[in-house]
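Remarks on the overall topology
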Amino acid sequence: MTVISSNPDRETLTMTIVCEFDAGLERIWKLWEDPRQLEKWWGPPTWPATFERHDFEVGGESSYYMTGPEGERAGGWWRMTAIEEPSRLEFEDGFSDENGQPSAEMPTMRMTATFDEADGKTRMTVITRFAALDHLEQVLEMGMEEGMKSALSQIDALL
Amino acid sequence: MVVDEIDDSEADLLFHALSDRTRRDIMGKVGDREQSISSLARQYTVSFAAIQKHVAVLERASLVTKRVKGREKLVCGNVETLRRASLLLARYERIWSHRDDAITRILNEDDERTES
């Protein structure tokens, strides 16, 4: 476990996550830049992500879908708003409809990720700004399903 | 799915209410003690009417409760609503802890490749 702090601010509705990894800045940057690496970690374990598009440049768009345990799909999109390799990136993160188009009814989240390297380790700080709770609930729905699954598998292990 | 019984319209009210700096500041002031609208208004440069409006927005989102005492209207923070917002954020935090685990696994695979 390398999450070193997380700070939910219930009044500003932001969540700040700070993690530290045993790798250099350039390596961590690749995890965001390369869609094949990104899809290995973006979706929850039982909802792996597939990035069909990942234009990693300012104004560029990404589209992805996550596949659930029953084969159901949940689509999402990013729009990059700032890229300062290898120390900072900003993007909007939203939902897509069943045709893979950005959903207009769904509010978006604004994400900022910053990276600092010290002594060969990289500290990654991710700030998520929530605009509306229904978006958060959608994200949670998938995360919670995963939570239920891992809880069940832990019980299995005990039996 | 219902997360702690917050429905979408309630959620919209909540998030709209907290999106304003003055209203967040008011929440900070009435969180632990009751204050009258007039005493709140004295602490800001904006008009009494403006503060009254802010309080009404907070009240609609169930972030504060209001009661009348004599000629004064007293405002008090509703800790329960804020607690539910916290709970939702805590669940989101768990998603990031999964992502973090996945990244750590990817980095470990790098190491295995270099060693072999």
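Residues numbered from 1 in each chain as written. Chains lettered and ligands numbered in written order. Predicted model: local features only at pLDDT ≥ 70, side-chain atom pairs only at ≥ 80, totals over all residues.

A few words now on the overall build of chain B. Along chain B, the regular secondary structure elements total five helices and three strands. Ordering the α and β elements of chain B from the N terminus gives α-α-β-α-α-β-β-α. In chain B, the proportion of contacts linking residues at least 24 apart, taken out of those at least 6 apart, comes to 55%. (Helix = DSSP H or I, 4+ residues; strand = E, 2+ residues; numbered from the N terminus. Contact = placed C-beta atoms within 7 Å.)

Before going further, it helps to examine the environment of B:R71. Residue and element names in this part refer to chain B. Residue placement: R71 occurs in the loop between β2 (64-69) and β3 (72-77). Classification of R71 as exposed rests on a count of 7 C-beta atoms within 10 Å. Sequence separation between R71 and S36 is 35 residues, and the spatial gap between their C-alpha atoms is 10.0 Å. (Buried ≥ 20, exposed ≤ 12 C-beta atoms within 10 Å, placed from the backbone.)

Next up on the list: the environment of A:G24. Residue and element names in this part refer to chain A. Following the sequence through the fold, G24 ends up in the loop between β2 (14-21) and α1 (25-33). Take G24: there are 14 C-beta atoms within 10 Å of it, and that puts it in the partly exposed class. Each C-alpha atom of the pair G24 and A118 lies 8.6 Å from the other, and the pair is 94 residues apart in sequence. Look past the residues within four positions of G24 in its chain and what remains in contact with it is E117, G120 and T122.

This part covers the pairing of β2(B). Residue and element names in this part refer to chain B. Where β2 meets β3, six bridges bridge the pair, whose relative direction is antiparallel. Looking at the pairing, K69 lines up with E72 of β3. Counting the residues between successive antiparallel strands, the hairpin from β2 to β3 contains two residues, one of them, G70, with a positive phi of roughly 60°. (Pairing = 2+ DSSP bridges.)

Residues and elements named next belong to chain B. At their nearest, the axes of helix α2 (residues 21-30) and helix α4 (residues 48-60) sit 10 Å apart, and the two run at 75° to each other. Classified by the angle between their axes, α2 and α4 sit roughly perpendicular to one another. Contacts from T22, R23, I26 and M27 in α2 reach H54, V55, V57 and L58 in α4. (Axes fitted to C-alpha atoms, helices over the stretch in contact; angles between N-to-C directions. Parallel < 35°, antiparallel > 145°, perpendicular 65-115°, else oblique.)

Now for the environment of A:T122. All names here are of chain A. Checked against the element boundaries, T122 lands in strand β8 (residues 121-129). Using a count of 21 C-beta atoms within 10 Å as the deciding quantity, one classes T122 as buried. Spatially, the C-alpha atom of T122 lies 5.8 Å from that of L25, the residues being 97 residues apart in sequence.

Let us now look at the confidence of the model for chain A. Averaged over every residue, the pLDDT of chain A is 80; the share at 70 or more is 73%. Contacts from residues 147-159 of chain A, a stretch scored under 50 in pLDDT, to residues over four places away or in other chains number two contacts. (pLDDT = per-residue confidence, 0-100.)

Hydrogen bonds along the backbone pair up the strands of a sheet, which may run parallel or antiparallel. All names here are of chain B. Pairing is antiparallel across the open sheet formed by three strands, whose spatial order is β1-β3-β2. Two strands in the sheet have a free side with no partner beyond their single neighbour: β1 (35-36) and β2. Pairing of β1 with β3, which is carried by two bridges, proceeds in the antiparallel orientation. Of the residues in β3, the one forming a bridge with Q35 is V75. Of the strands in this sheet, β1, β2 and β3 touch α2, which is tilted by about 90° from β3. Lying on the sheet, α4 is in contact with β2 and β3; it crosses β2 at an angle near 120°.

Below, the discussion takes up the pairing of strand β6 (residues 88-95) of chain A. Residues and elements named next belong to chain A. Of the pairings in the sheet, the one linking strand β5 (residues 73-84) to β6 comprises eight bridges and is antiparallel in character. Along β6, the bridge assignment pairs E84 with R88. Bridging between β6 and strand β7 (residues 109-118) involves six bridges; their strand directions are antiparallel. Paired with D93 across the bridge in β7 is M109.

In this section: the confidence of the model for chain B. All names here are of chain B. Counting all residues, the mean pLDDT for chain B is 81, and 84% of those residues have values of 70 or more. Low pLDDT, under 50, characterises residues 1-5; the predicted model gives this stretch seven contacts beyond four residues in sequence or across chains. The ipTM value of the predicted complex is 0.73, and its pTM value is 0.66.

Our focus in this paragraph is the nonpolar core. Grouped together as the largest cluster of nonpolar side chains are 22 residues, with contacts concentrated most on A:F21, A:I28, A:L31, A:L38, A:W41 and A:M124. Counting residues per element, the ones that place at least two in this core are β2, α1, β5 and β6 of chain A together with α5 (79-115) of chain B. Excluding anything up to four places from it in sequence, A:W41 contacts A:L31, B:R99, B:A102, B:I103 and B:I106. Listed in part, the 17 residues of the second largest apolar core include A:F130, B:V30, B:A61 and B:L63. (Core = buried A, V, L, I, M, F, W, Y, C linked by C-beta atoms within 7 Å.)

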